[in-house]
Number of protein chains: 2
Amino acid sequence: MAQKPSLPKGTRDFGPEQMFKRNYIIDTIKDVFRKYGFMPLETPAMENLSVLTGKYGDEGDQLLFRVLNSGDFLSKVNDDDYAEGYKSLSPKITEKGLKYDLTVPFARYVVMNQTEVTFPFKRYQIQPVWRADRPQKGRYREFYQCDADIVGTNSLVCEAELLAMVQEVYKKLTFDAYQIAISNRKVLEGIAEVCGAKEEFSRFCVILDKLDKIGKEKVFSELESIGVNEAGLKTLDSILSLTGHNISKLDVLAEIFGTSEIGQNGISEVKETLDNLSLLGFLTDKVSVDFTLARGLSYYTGMIYEVKPTTVKMGTITAGGRYDNLTGVFGLQGISGVGVSFGIDRIYDTLEELNLFPISEAKYSKVLLVPFDEEAQRHSLQLLCQLRNAGIASEVYPEPAKMKKQLGYADKKGIPFVLLIGSEEIKQQRYTLKYMETGNQDMFTIEDVITNLQEEL
Amino acid sequence: MAQKPSLPKGTRDFGPEQMFKRNYIIDTIKDVFRKYGFMPLETPAMENLSVLTGKYGDEGDQLLFRVLNSGDFLSKVNDDDYAEGYKSLSPKITEKGLKYDLTVPFARYVVMNQTEVTFPFKRYQIQPVWRADRPQKGRYREFYQCDADIVGTNSLVCEAELLAMVQEVYKKLTFDAYQIAISNRKVLEGIAEVCGAKEEFSRFCVILDKLDKIGKEKVFSELESIGVNEAGLKTLDSILSLTGHNISKLDVLAEIFGTSEIGQNGISEVKETLDNLSLLGFLTDKVSVDFTLARGLSYYTGMIYEVKPTTVKMGTITAGGRYDNLTGVFGLQGISGVGVSFGIDRIYDTLEELNLFPISEAKYSKVLLVPFDEEAQRHSLQLLCQLRNAGIASEVYPEPAKMKKQLGYADKKGIPFVLLIGSEEIKQQRYTLKYMETGNQDMFTIEDVITNLQEEL
């Protein structure tokens, strides 16, 4: 009769302990977003499939969760649709899907509200998204994205602002073991040009991006196979061998670029971003110019950046870049944007591995009132009123259960103090305050209990 | 080519202004929940349909949003399934649905985590739910629920705690024009018993519940039609005519109940709840015992309460009650719970109508830096650094656009101050701070700007 319930694969519950840690990360990021002038946006979980499909490539379309039409979803289906198979039937019986990322819904919002939105529009959005991916360690079918974007300006001040935010977020999270790699699509185009691979730009980037995984030798042989000649490989080799500070690397690259206009353009953008970042008071030694960084080039058009931990084996924890024509697909042309996305799950795992979550004495309640009997129970409600009026998060065990049971509750829930209340305590109007960690205890009036707990806050 | 995008009906975007107000409500409620010892829980948007179906009646099952299985969803469908129509096909091609409320997923969580959960378990949950209802004013297909429940104890202290929270929430929201109606299923059973309608309890309640809408005369004639005789109607009339304070009404009702055990039991529970509430320091004159309150009796088994505004035409804004056997359907027996649910959308509309949202000068950024030219733009980044280090939410217009455009941006975004930066200002190291509302302005060093803005915070 009663079924044993389960969760859909790739989805998760977040209980109190995880919520405490997740909120710590999300609230920290949110505070920084706000301090930098970003405003919140929320969009629905469901979008019309016409908004979603065709925006993430064929693979993305396959990974959309589609919502069955309500009521008689077969009413407009004919037998041919059914006979042709699921690909033909699917669009006839579904018109909504769960959102796949926050960027496309954001673009839709901007287009639908273009007359009311104040440009440049700085918005942040922290919401779950859904992908029908095969679940595996660290990959979920429902997960939060946490994005900040500035749209409606080409200014490179924005890139620096986002990089400053990244550093401020990790500083607030007391996490320092990371490096920010930056590059620029135009720099990559310049490199392809001087290597003689201008016409094969995307394949050139896909191969270059594999450097970390397959090594230089294999990358070079793959590049040869797409027609990069020996001179080209030699040029690339000299670029990849550049060492030293960001600026000196960029200066040498500028010489190599020579008359490549797009390349020089890219170098200026990188330099201006770094310059702006240091004007904003941030050290640029957290930032490395990385000429092999070739991520997201199907949509990024200018600066690109990604953040990785240096002492923990973990993928990219934050990434972003500039994209032109965010809203073009919905008919609004010429809106350039730049964004950054924080990977909450990976940041969580990183902080967990490095033991960087704050050790908070009282995650939720500060004190549990422990009544010994019915009379004490009634009395404890009056004390509870005084504690809460003083702003102290507190609760009473709702039944006069055995003391051991009540203390066990405080212990399991991580409540640092208990206040013991029996008939003797009520007569004396002094109650035993016990510090759970050490077992130390003493008797106080309720006023002194409040003072003690407030000092502890 | 480019489609004009739209939102699925019954769903909404929340832009910055709405988010500001929604967060004000949600953060206020969340703070109170935490102060009372409730801990957060989040469950996924999608649940297995085996968890959801059969929990909300036939109507509820119809209103579930079902998610199409991924990949070839027809692979296990045979032609008969298709020929039999959508009702037969649906369970073959969907196995997940969007959650319909927060209570069933909560029950699932408790059952799946019963060995780790600390009972009594006090949890709050603030998340969207989905219902394929016909959208209309105030009714959405995606909307937030905001619930707090205590499960695993029968103690009536919990009921009082929840009623205290309701009052604390509305006090914090500076909203006082409401009344809390309370009753108890057992009191209603007693009334049905003394009116001779014990065997027709549910129909009796359904009719009684219509009193507000159709009036006493019609209610009485409907009751006659289910077999309530003249003596029964006379008794009911005397109960409905009871006036005066809660306790005196309850005392008279106790006399009327005589030997009705269940009725007397219900009266004790109501009295104990009121007594606990006043021990917790809350006035009980916000609370009216209402013998016609007969909501949710298909699941409530003890105390019932609902909150309505008194000066605004609006339905119930908060409601709850005690339910036994929350988790029985998933095989875990004997877990009693009591909960309260805040209706965010209706609270929003109520506060809006009564103009009770706080007038905050700076919803997001406190000051906009307005550079006149490229040099000023660079300089402004350094000032921005100082402002933010002092904890002041601030931003720079990312391009040295015309002053009018920049001031328009500050105005539309509701930024209360602007700091004007031109070559003269840079030379003097004094900048013009302008208060947007009055147009008053004066020149200050950046240190004095910071002091001024911090005092304004």
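Owing to the predicted nature of the structure, the values given are computational and were not obtained by experimental measurement. (Residues numbered from 1 in each chain as written. Chains lettered and ligands numbered in written order. Predicted model: local features only at pLDDT ≥ 70, side-chain atom pairs only at ≥ 80, totals over all residues. Heavy atoms only, no water.)

## Comments concerning the overall build of chain A
Then step 1. Helices and strands together make up the secondary structure of chain A, namely 18 helices and 16 strands.
Then step 2. Computed over the C-alpha atoms, the radius of gyration of chain A is 29 Å, more than 25% above the 23 Å expected from 2.2 N^0.38 for a compact globule of 457 residues.
Then step 3. With the principal axes as the frame, chain A shows a C-alpha extent of 95 × 65 × 45 Å.
Then step 4. Among the 457 residues that make up chain A, the fraction classed as buried is 58%.
Then step 5. The long-range fraction of contacts in chain A, counting pairs at least 24 apart against all pairs at least 6 apart in sequence, stands at 67%. (Helix = DSSP H or I, 4+ residues; strand = E, 2+ residues; numbered from the N terminus. Rg over C-alpha atoms; globule rule 2.2 N^0.38 Å. Buried < 20%, exposed > 50% of the residue type's maximum accessible area, 1.4 Å probe, protein only. Contact = heavy atoms within 4.5 Å.)

## What about the packing of helix α13 (residues 261-279) of chain A against helix α15 (residues 374-389) of chain B?
Then step 1. Where α13(A) meets α15(B), the closest approach of the two axes is 8 Å, and the angle between their N-to-C directions is 40 degrees. Taken as axis vectors, α13(A) and α15(B) run oblique relative to one another. Residues A:Asp275, A:Asn276 and A:Leu279 of α13(A) touch α15(B), and the partners they reach there are B:Arg378, B:Leu381, B:Gln382 and B:Cys385.
Then step 2. Counted by class, the contact of α13(A) with α15(B) contains 3 nonpolar, 2 polar and 2 charged residues. (Axes fitted to C-alpha atoms, helices over the stretch in contact; angles between N-to-C directions. Parallel < 35°, antiparallel > 145°, perpendicular 65-115°, else oblique. Nonpolar A, V, L, I, M, F, W, Y, C, P; charged D, E, K, R; others polar.)

## Some points on α15(B)
All names here are of chain B.
Then step 1. Compared with the 22 Å implied by 1.5 Å per residue over 16 residues, the 23 Å span of α15 between its first and last C-alpha is a close match.
Then step 2. All buried positions along α15 are accounted for by Ala-376, Gln-377, His-379, Ser-380, Leu-381, Leu-383, Leu-384, Cys-385, Leu-387 and Arg-388.
Then step 3. Of the residues that open α15, the one with a side-chain oxygen 3.2 Å from the backbone nitrogen of Glu-375 is Asp-373.
Then step 4. One or two positions beyond α15, positive phi appears at Gly-391, with a value near 80 degrees. (Expected span 1.5 Å × (residues − 1). Polar contact = N/O pair within 3.5 Å; in protein donor to acceptor, adjacent residues only side chain to side chain.)

## Concerning the interface of chain B and chain A
Then step 1. Each side of the interface is counted separately: chain B has 106 residues, and chain A has 105 residues.
Then step 2. Taken together, the two surfaces of chain B and chain A that pack against each other cover about 9100 Å², and 63% of this comes from carbon and sulfur.
Then step 3. The largest per-residue losses of area from chain B upon contact with chain A belong to B:Glu42, B:Tyr82 and B:Arg388, which jointly make up 8% of the total buried on that side.
Then step 4. For the pair chain B and chain A, the interface holds 8 salt bridges.
Then step 5. Taken together, chain B and chain A are joined by 30 residue pairs in polar contact (both at pLDDT 80 or more).
Then step 6. When residues in the side of chain B that touches chain A are grouped by element, the largest group, 7 residues, is from α15(B).
Then step 7. By residue class, the composition of the side of chain B that touches chain A is 53 nonpolar, 29 polar and 24 charged. (Buried area = accessible area lost by both parts, 1.4 Å probe. Salt bridge = Lys/Arg side-chain N within 4 Å of Asp/Glu carboxyl O.)

## Some details on unusual backbone geometry
Apart from glycine, the bulk of residues carry a negative phi angle, and the bulk of peptide bonds sit in the trans form.
Then step 1. A:Phe119 connects to A:Pro120 through a cis peptide bond whose omega is -10 degrees.
Then step 2. Its identity as a non-glycine residue notwithstanding, B:Thr174 has a phi of 55 degrees, on the positive side.
Then step 3. Within the element layout of this structure, B:Thr174 appears in the loop between α7 (157-172) and β7 (178-184).

## Things to note about the sheet that holds strand β14 (residues 417-421) of chain A
The pairing of strands in a sheet happens through backbone hydrogen bonds and is either parallel or antiparallel.
Residue and element names in this part refer to chain A.
Then step 1. The sheet built from 5 strands is open, its strands ordered β13-β12-β14-β15-β16 with mixed pairing. Edge positions in the open sheet fall to β13 (394-396) and β16 (441-444), since each of these has one partner strand only. For this sheet the average axis-to-axis angle between neighbouring strands, irrespective of direction, equals 25 degrees.
Then step 2. Alignment of strand β12 (residues 367-371) against β13, held across 3 bridges, turns out to be parallel. (Pairing = 2+ DSSP bridges.)

## So, the relation of the copies chain B and chain A
The relation between the two chain copies is a rotation about an axis coupled with a shift along that axis.
Then step 1. At an RMSD of 0.1 Å, chain B and chain A line up after a rotation of 180 degrees and a shift of 0.0 Å along the axis. Given the turn and translation reported, the copies of this chain are related as if by a two-fold rotation axis. Rotation axis and chain B: the residue whose C-alpha lies nearest the axis is B:Val67, separated from it by 2.2 Å.
Then step 2. In this assembly the copies share their binding face: 99% of the residues contributing to the interface of chain B also contribute to that of chain A. (Least-squares fit on C-alpha atoms with pLDDT ≥ 70 in both.)

## Thoughts on the pattern of salt bridges
Oppositely charged side chains may form a pair once their charged atoms are brought near each other.
Then step 1. One pass over the structure, following the stated rule, counts 54 salt bridges over all chains.
Then step 2. The salt bridge involving A:Arg185 is made with A:Glu189; its shortest N-O contact spans 2.9 Å. Taken together, the positions of A:Arg185 and A:Glu189, both in helix α8 (residues 185-194) and 4 residues apart, correspond to about one turn of that helix.
Then step 3. What you see here is one network of salt bridges that share partners, running through A:Lys122, A:Glu161, B:Arg388, B:Glu395 and B:Lys413.

## Some words on the UniProt feature "binding site: L-histidine" (unreviewed entry) in chain A
Residue and element names in this part refer to chain A.
Then step 1. Within this numbering scheme, the UniProt entry marks Asp-101, Leu-102, Thr-103, Arg-131, Gln-145, Asp-149, Arg-295, Tyr-299 and Tyr-300 as carrying the feature "binding site: L-histidine" (unreviewed entry).
Then step 2. With respect to the helices, strands and loops of the structure, Leu-102 is situated in the loop between β4 (94-98) and α6 (103-112).
Then step 3. Classification of Leu-102 by relative accessible area gives buried; the value is 0%.
Then step 4. In contact with Leu-102, other than residues within four places in its own chain, are Arg-123, Gln-125, Gln-127, Val-129, Gln-145, Cys-146 and Asp-147.
Then step 5. By the secondary structure assignment, Thr-103 is in helix α6.
Then step 6. If we ignore the near neighbours within four places in the chain, the residues touching Thr-103 are Asp-147 and Leu-326. (UniProt positions renumbered as here; feature names shortened; annotations may be inferred.)

## Here we look at the environment of A:Tyr140
Residue and element names in this part refer to chain A.
Then step 1. Topologically, Tyr-140 is positioned in the loop between β5 (121-130) and β6 (142-151).
Then step 2. On a C-alpha basis, the gap between Tyr-140 and Glu-352 in space is 18 Å, while along the polypeptide they are 212 residues apart.
Then step 3. Ignoring anything within four residues of it in the chain, the contact list for Tyr-140 reads Gly-10, Arg-12, Arg-131 and Asp-345.

## Comments concerning the pairing of β4(A)
Residues and elements named next belong to chain A.
Then step 1. With 4 of 5 residues buried, β4 lies mostly within the body of the structure.
Then step 2. Bridge analysis of strand β2 (residues 46-48) against β4 gives 3 bridges, and the strand direction is antiparallel. Pairing of Met-46 across the sheet is with Leu-98, part of β4.
Then step 3. Relative to β4, strand β3 (residues 66-68) runs antiparallel, the two being bridged by 3 bridges. Across the sheet, Val-67 pairs through a bridge with Lys-96, a residue of β4.

## Observations regarding the side chain of A:Asp149
Residue and element names in this part refer to chain A.
Then step 1. Tracing the sequence through the fold places Asp-149 in strand β6.
Then step 2. Side-chain polar atoms of Asp-149 contact the side chain of Arg-123, separated by 2.9 Å.
Then step 3. One polar contact links Asp-149 to Tyr-323, side chain to side chain, over a distance of 2.4 Å.
Then step 4. The contact partners of Asp-149, leaving out residues within four places of it in the chain, are Phe-38, Phe-106, Phe-121, Lys-122, Arg-123, Tyr-323, Val-338 and Gly-339.

## Things to note about the packing of helix α8 (residues 185-194) of chain B against helix α13 (residues 261-279) of chain B
Residue and element names in this part refer to chain B.
Then step 1. For the pair α8 and α13, interaxial distance at closest approach is 7 Å and the crossing angle is 145 degrees. Crossing of α8 against α13: the hand is left-handed. Two secondary-structure elements touch here, α8 through Lys-186, Val-187, Glu-189, Gly-190 and Glu-193 and α13 through Ile-262, Gly-263, Gly-266, Ile-267, Glu-269 and Val-270.
Then step 2. Taken together, the residues of the contact of α8 with α13 break down into 4 nonpolar, 3 polar and 4 charged. (Left-handed = near helix turned anticlockwise from the far one by under 90°.)

## Topic: the sheet that holds strand β11 (residues 337-342) of chain A
Residues and elements named next belong to chain A.
Then step 1. Ordered by their spatial adjacency, 8 strands build an open sheet running β1-β5-β6-β11-β10-β9-β7-β8, and the pairing between neighbours is mixed. A single partner strand is all that each edge strand has here, and the edge strands are β1 (39-40) and β8 (287-289).
Then step 2. The pairing of β5 with β6 spans 10 bridges and is antiparallel. Within the sheet, the bridge partner assigned to Val-129 lies in β6 and is Phe-143.

## Quick word on the pairing of β5(A)
Residues and elements named next belong to chain A.
Then step 1. Where burial is concerned, most of β5 is hidden: 10 out of the 10 residues are buried.
Then step 2. The alternating pattern of β5 places Phe-121, Arg-123, Gln-125, Gln-127 and Val-129 on one face and Lys-122, Tyr-124, Ile-126, Pro-128 and Trp-130 on the opposite face, and all of these are buried.
Then step 3. Pairing between β1 and β5: 2 bridges, direction parallel. For Met-39, the partnering residue across the bridge sits in β5 and is Arg-123.

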